[in-house]
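# Chain and residue survey
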Amino acid sequence: MSALLLLFSVACVGDPDNNKDSEGPIDSAEPKPTEACGYTPMADLDPAENVVEVEVVASQFAWDPGTGVPLEAGMAFNEVVPGPLLEAKLGDTVIVHYANNTDMDTSLHWHGLRVTPEMDGIQQMMGDPVEPGESFTYEFTVIDSGFYWFHTHMDTATTIEAGLYAPILLHAPDERAPDCDMPVVLDDVLLDEGSLQIAPPDTDMMQLMGRLGNVLMANGRSDRRVSWRRGQTTLLRLVNASNARYWDLFLEGHSLQIVGTDGGFLEEPYTVDHLVMAPGERYMVVVKAEGDPGGEYRLMNRRFQLHEEGGDMIEPDPMGDGENPVMTFVYDRTEVNGTAWVQPTPDVPAWGAAVENLGHHWVLDEDMMGGTVTIDGQAWPDVPMVDVAMGVDTTFEVENKSEMHHPFHIHGNRFQVVDVGGAQVPEGQGWKDTFDIPPRTTVKLVSNLDNPGEWMYHCHILEHADDGMAGMMTVME
Ligand code: C2O
Ligand code: CU
Ligand code: CU
């Protein structure tokens, strides 16, 4: 039996409601009042100039995704979803006093940051988690600027779906503030259509395909409205915190100037009319507000096909096949002379092409009969350890033998994408830690691996990660 047929039959057996007429996106309750463009960081408890000290408490917390019905299985950091913004600047020492008041084991992970292995959340996950009622103090020095996020790193498909994720904004020294600097955390959640509560745990099908939601949220709500002013320069800092959804975004009436990605600013910005974001990825986007005073413009998401051609049969998206609004920008009647955007100078070496020294060739695959996803033929914890030397320019190849996209994420070091399926990527791109690996495609990455220790790598479709699509890499001093 072919893989497609097998999946199709699983879908029919496992999901009897599959063809229900009512299935589709869930609408918002009454729209929220318009809010100001900007952000509020967590309170810094240490007055010292170069120290940011904050408190983060995870708890069960019923939050409203915009349907008007609080989620009983919800969880949050500091009783807000997304969790509160951690703001610091290059060179700062960050101290996070973390308390776990949920009923699950947790560890915190600073996605994309080059911290030490002890602070990365993985050793805890494997050995000594922050148990219910326990606390732990994380401490690290900020050596990366840009836009990142933190989240729990245990039972991620459950805990991140429940709301345990938050943005991190780390300023570069030569960054000049735009008129509006706005973090936007994108997420979807799958609700039961009757109760509007988080739908029951994953079916086998969801485990294999990834859990797609039926509510799209910007900063934890499906109905955000943000006020804009004609002429202003806006920096949107976007992160995809969804379990499995790839977003394909466009902004009505505006183009998007990409100025940065996972590991900070790019050398050369470029302009697009739509932007695809895999789970875990970040993009920093400048928008020149050129809409009409009084006008409303929506950030829209269109369907992204996770599977190669023909896969749509087996992969119904609960948001449907069309375009769906994510948030709305509402122009007031005034006009300003906006601050010009000045591109900060990043420290990105231009490898431009793969280097000879091959660190590892990973193979991502699916075992349809076993219903599992694998790396190098195995599932966690049996994926063989990868050993590489520190401080040497090294190429990594990630080969996707399966018929669906996998967002591949590596902890603790940063990389440049130099080749996707044989096509060289132009120079001047930024640092990355999360990479879309399209179906039946090999992607080449280059790094000079400057952070020693044992680091996890995994697929950032959380169902896949929880299912064992993960391994460890040692960077040896
Ligand atoms: Cu977003 Cu292993 O992490
Ligand atoms: Cu990470
Ligand atoms: Cu995957």
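Note that the structure is predicted; figures quoted are calculated from it, not measured. (Residues numbered from 1 in each chain as written. Chains lettered and ligands numbered in written order. Predicted model: local features only at pLDDT ≥ 70, side-chain atom pairs only at ≥ 80, totals over all residues. Heavy atoms only, no water.)

### Examining the sheet that holds strand β27 (residues 434-437)
Taking strand neighbours across the sheet as the criterion, the five strands line up as β22-β30-β29-β24-β27 in an open arrangement whose pairing is mixed. Two strands close off the open sheet at either side, each with one partner strand: β22 (386-389) and β27. Along the sheet, successive strands turn relative to each other by an average axial angle of 25°, direction set aside. The sheet contact formed by strand β24 (residues 406-410) and strand β29 (residues 453-459) spans three bridges and is antiparallel. Among the inter-strand pairings, Ile410 is bridged to a residue of β29, identified as Tyr457. (Pairing = 2+ DSSP bridges. Helix = DSSP H or I, 4+ residues; strand = E, 2+ residues; numbered from the N terminus. Axes fitted to C-alpha atoms, helices over the stretch in contact; angles between N-to-C directions.)

### Things to note about the pattern of salt bridges
Considering all chains together, one arrives at 25 salt bridges under this definition. Among the ionic pairs, Glu335 bridges to Arg230, the shortest N-O distance being 3.4 Å. With Glu335 in strand β19 (residues 323-335) and Arg230 in strand β11 (residues 225-230), this pair connects stretches of sequence that are 105 residues apart. With a relative accessible area of 55%, Glu335 lands in the exposed category. What emerges from the salt-bridge pattern is a single network uniting Arg114, Asp144, Asp347, Arg414 and Asp450. (Salt bridge = Lys/Arg side-chain N within 4 Å of Asp/Glu carboxyl O. Buried < 20%, exposed > 50% of the residue type's maximum accessible area, 1.4 Å probe, protein only.)

### Here's the deal with the sheet that holds strand β13 (residues 247-251)
Two strands in a sheet stick together by hydrogen bonds in their backbones, pointing the same way (parallel) or opposite ways (antiparallel). Here five strands make up an open sheet; going across it, the order is β11-β19-β18-β13-β16 and the pairing mixed. At either margin of the open sheet sits one strand with a lone partner, and together these are β11 and β16 (275-277). Ignoring strand direction, the axes of neighbouring strands in this sheet form an average angle of 30°. Bridging between β13 and strand β18 (residues 296-302) involves four bridges; their strand directions are antiparallel. Along β18, the bridge assignment pairs Asp248 with Arg302.

### Quick word on the domain arrangement of the protein chain
Domain annotation of the protein chain identifies domain 1 (51-335) and domain 2 (358-476). Each side of the interface is counted separately: domain 1 has 49 residues, and domain 2 has 40 residues. Across the interface of domain 1 and domain 2, roughly 3400 Å² is buried in total on both sides, 55% from carbon and sulfur atoms. Of all residues in domain 1, Arg114, Leu208 and Glu308 give up the largest surface area on contact with domain 2, accounting jointly for 20% of the area buried on that side. For the pair domain 1 and domain 2, the number of links is six salt bridges. With a shortest N-O distance of 2.5 Å, Lys432 and Glu281 are connected by a salt bridge. At the boundary of domain 1 and domain 2, one finds 28 residue pairs in polar contact (both at pLDDT 80 or more). Only β5 (108-111), α2 (122-126), β7 (146-152), α3 (156-162), α4 (204-209), β15 (264-272) and β17 (282-288) provide two or more residues apiece to the side of domain 1 that touches domain 2. (Domains from an automatic or database assignment. Contact = heavy atoms within 4.5 Å. Buried area = accessible area lost by both parts, 1.4 Å probe. Polar contact = N/O pair within 3.5 Å; in protein donor to acceptor, adjacent residues only side chain to side chain.)

### Some words on a negative patch on the surface
Together, Asp105, Asp128, Glu131, Glu134, Asp155 and Asp466 line one region of the surface with negative charge. Residue position: Asp155 is located in the loop between β7 and α3. (Patch = residues over 30% accessible without salt bridge, like charges linked within 9 Å, V, L, I, M, F, W, Y side chains within 5 Å. Areas by Shrake-Rupley, 256 points an atom, 1.4 Å probe, with all protein chains shown as cover. Lys, Arg positive; Asp, Glu negative; His and termini not counted. Charge placed at Lys NZ, Arg CZ, Asp CG, Glu CD.)

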